[in-house]
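Notes for the structure review
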Amino acid sequence: MKMIEGFSGIAPRSGGAKVKYQLWIDENGAMYAQIIENIVKAKRKRGTHTTNLYRVTDYLDYRFIRARDWVLVGIDPKTFEEAAPVRDFNEAGFLKAILKHLFPKPMV
């Protein structure tokens, strides 16, 4: 698993917030997204998130559905082992913003 050096994306979110993310590639060419930072205006509360790596193809079809119901299973970036499932609206919303930033239109 390798981080794509020199790339750092910033995906827009509602209310002027943004999420900073990093992309990774595994040995089979699968792309993973990692949430780096929730960028919010000074008066807004920051949402929490993990540093897990999420395989883009596992969640790509989710980007146009409600994030509240997602259960995310990612990879721990320290051990590269499967992380515990995450059922968190913030985490899902951040990942959804990243996926919509990478792939803004529905796939046909």
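As a starting point, this report considers the structure included with it.

Rules used in this analysis
- Residues numbered from 1 in each chain as written.
- Predicted model: local features only at pLDDT ≥ 70, side-chain atom pairs only at ≥ 80, totals over all residues.
- Heavy atoms only, no water.
- Helix = DSSP H or I, 4+ residues; strand = E, 2+ residues; numbered from the N terminus.
- Rg over C-alpha atoms; globule rule 2.2 N^0.38 Å.
- Contact = heavy atoms within 4.5 Å.
- Areas by Shrake-Rupley, 256 points an atom, 1.4 Å probe, with all protein chains shown as cover.
- Lys, Arg positive; Asp, Glu negative; His and termini not counted.
- Charge placed at Lys NZ, Arg CZ, Asp CG, Glu CD.
- Salt bridge = Lys/Arg side-chain N within 4 Å of Asp/Glu carboxyl O.
- Core = buried A, V, L, I, M, F, W, Y, C linked by side-chain atoms within 4.5 Å.
- Buried < 20%, exposed > 50% of the residue type's maximum accessible area, 1.4 Å probe, protein only.
- Polar contact = N/O pair within 3.5 Å; in protein donor to acceptor, adjacent residues only side chain to side chain.

A count of helices and strands for the chain gives 2 helices and 5 strands. Written out in order from the N terminus, the α and β elements of the chain read β-β-β-β-β-α-α. For 108 residues, the compact-globule estimate of 2.2 N^0.38 gives 13 Å, and the chain sits close to it at 13 Å. Considering only residue pairs separated by 6 or more positions, the chain has 45% of its internal contacts joining residues 24 or more positions apart. For the chain, the exposed surface amounts to about 6,800 Å²; the carbon and sulfur share of it is 53%. Here the chain contributes 18 positively and 12 negatively charged side chains, and the mean placements of these two sets differ by 14 Å.

For the rest of this paragraph, the subject is the pattern of salt bridges. Considering all chains together, one arrives at 1 salt bridge under this definition. With its nearest N and O atoms 3.3 Å apart, the salt bridge here joins Asp-58 to Arg-55.

Core analysis: the biggest nonpolar cluster contains 20 residues, and Val-19, Leu-72 and Leu-95 have the highest contact counts within it. At the level of secondary structure, the elements contributing two or more residues to this core comprise β3 (18-25), β4 (31-39), α1 (56-59) and α2 (89-102). Broken down by element, the residue count for this core peaks at 6 residues, all from α2. With sequence-adjacent residues up to four places away left out, Leu-72 is seen in contact with Tyr-54, Tyr-59, Ala-84, Pro-85, Val-86, Glu-91, Ala-92 and Leu-95. With 5 residues, the next largest nonpolar core counts Trp-24, Ala-30, Leu-53 and Ile-75 among its residues.

If you trace the backbone, Lys-96 turns up in helix α2. A relative accessible area of 18% places Lys-96 in the buried class. The residues contacting Lys-96, other than those within four sequence positions of it, are Arg-63, Phe-64, Ile-65, Arg-66, Ala-67 and Trp-70.

This part takes up the side chain of Arg-63. Relative to the helices and strands, Arg-63 resides in the loop between α1 and α2. Within the structure, Arg-63 has its side chain in polar contact with the backbone oxygen of Leu-60 (distance 2.7 Å). Within the structure, Arg-63 has its side chain in polar contact with the backbone oxygen of Phe-103 (distance 2.7 Å). Excluding anything up to four places from it in sequence, Arg-63 contacts Trp-70, Lys-96, Leu-99, Lys-100, Phe-103, Lys-105, Pro-106 and Met-107.

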